[in-house]
Structure formats: C-alpha cells, structure tokens
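What follows is each chain in one-letter form.
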Amino acid sequence: MTPMMTIEQLAAFFVEAFPGIATERHAGIVEIAPGRVRLRLEPDDASLRPGGIVSGPTQMGLADRAAYAAILAHIGPVAMAVTSNLNMSFLRAVEYAPVMADAELIKLGRRLATVDVRLWQDDPGRVLAQATVTYAIPG
C-alpha cells in the first residue's frame with residue numbers, strides 16, 4: 001500500500017475539514033508510511049477524567065482520527081468516509097502526557113476499510129489501548 005498524501009497534505013485537509021479542532025495539539029500527524037500512520041496527541045485539561053488520566057472518549061477520538069488519517073493517506077482526501085464501527089479495549093491508564101497512536105491498515109477495500117490502532121506512551125511495545133476501526137468509503 002503506497003500513501004497518496006504527504007503529512008502536509010493530510011494536515012491541510014484536517015484543517016479544512018475540521019476547523020477549530022485540527023491543531024497539532026489535537027493529534028498532529030507524525031509519520032505516514034506504507035499501510036500506516038502515527039499521530040501524537042498533546043492532552044489538555046479537557047481531555048482528563050477524575051484521577052488525572054486521559055479520558056476514554058479522548059482515547060476513542062484519537063483512535064478514530066488515526067484510523068481516518070491512515071485511510072485518507074492511502075485513498076486521498078475523501079471527506080465523506082465515515083466510521084461504521086469502533087471497538088476499543090482500554091488496557092492501562094493513560095497518563096497526562098503525550099499519547100501516540102499507531103494506525104495500521106488491515107484491509108483497504110473499495111467500500112470498507114479496517115484499521116488496527118494502538119495507543120502508547122514512552123514505549124510502543126507497552127500498548128495502553130487498542131481499537132479496531134472500520135470506515136465506510138463512499139462509492
């Protein structure tokens with residue numbers, strides 16, 4: 001799978017498609033490679049739950065955005081590709097620190113794409129949460 005978009009092109013698409021929430025703090029794109037992307041989230045106070053850890057909804061949003069980025073990086077800027085399923089497992093507490101999301105395409109079809117997303121901090125081998133995300137791609 002060869003990427004069709006650069007980091008700059010994908011970042012520009014996010015700014016255009018999601019004005020106001022597409023800043024680097026909201027999951028900036030770190031890397032695009034064949035079949036995968038890496039995003040980095042800088043959590044803020046609104047991202048936290050009681051106990052000072054990154055909330056589940058914030059983690060799910062990061063996983064969804066990473067999956068969307070992985071798909072678009074490989075098919076081009078298709079704004080109407082939409083999430084059709086997201087299954088998330090929360091494995092460990094996510095500390096109030098930068099969070100990385102590694103998204104890898106499992107299947108990229110004409111109508112559906114499935115992506116494995118793993119969240120981590122400090123060590124990619126220590127997975128904090130894992131999601132399987134499926135997107136419907138318009139015809």
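First, a word on what this report is: a plain description of the structure on this page.

1. Comments concerning the packing of aromatic side chains
Here is step 1 of the chain: Going through the model one piece at a time under the given rule, you end up with six aromatic pairs.
Here is step 2 of the chain: Residues F14 and F18 carry aromatic rings whose centres are separated by 6.0 Å and whose planes lie at 35 degrees to one another, so their mutual orientation is tilted.
Here is step 3 of the chain: Since its relative accessible area comes to 29%, F18 is described here as partly exposed.
Here is step 4 of the chain: Considering the side-chain rings of Y68 and Y135, the 5.4 Å spacing of their centres and the 15 degrees angle between planes classify their relative orientation as stacked. Remark: Y135 occurs in strand β8 (residues 127-136) and Y68 occurs in helix α2 (residues 56-75); sequence separation between them is 67 residues.

2. Notes on the nonpolar core
Here is step 1 of the chain: One finds L10, V37, L39, L62, V115, V117 and L119 to be the most contacted residues of the largest nonpolar core, which totals 38 residues.
Here is step 2 of the chain: Listed by contribution, the elements that provide at least two residues to this core are α1 (7-17), β1 (28-33), β2 (36-41), α2, β6 (99-108), β7 (112-120) and β8.
Here is step 3 of the chain: When residues of this core are assigned to their parent elements, the largest contribution, 10 residues, is made by α2.
Here is step 4 of the chain: Residues in contact with V115, not counting those within four places in the same chain, are A67, A70, I71, A103, E104, L105, I106, A131, T132 and V133.

Thresholds, definitions, all that
Residues numbered from 1 in each chain as written. Predicted model: local features only at pLDDT ≥ 70, side-chain atom pairs only at ≥ 80, totals over all residues. Heavy atoms only, no water. Phe/Tyr/Trp six-rings, centres within 6.5 Å; stacked < 30°, edge-to-face > 60°. Buried < 20%, exposed > 50% of the residue type's maximum accessible area, 1.4 Å probe, protein only. Helix = DSSP H or I, 4+ residues; strand = E, 2+ residues; numbered from the N terminus. Core = buried A, V, L, I, M, F, W, Y, C linked by side-chain atoms within 4.5 Å. Contact = heavy atoms within 4.5 Å.

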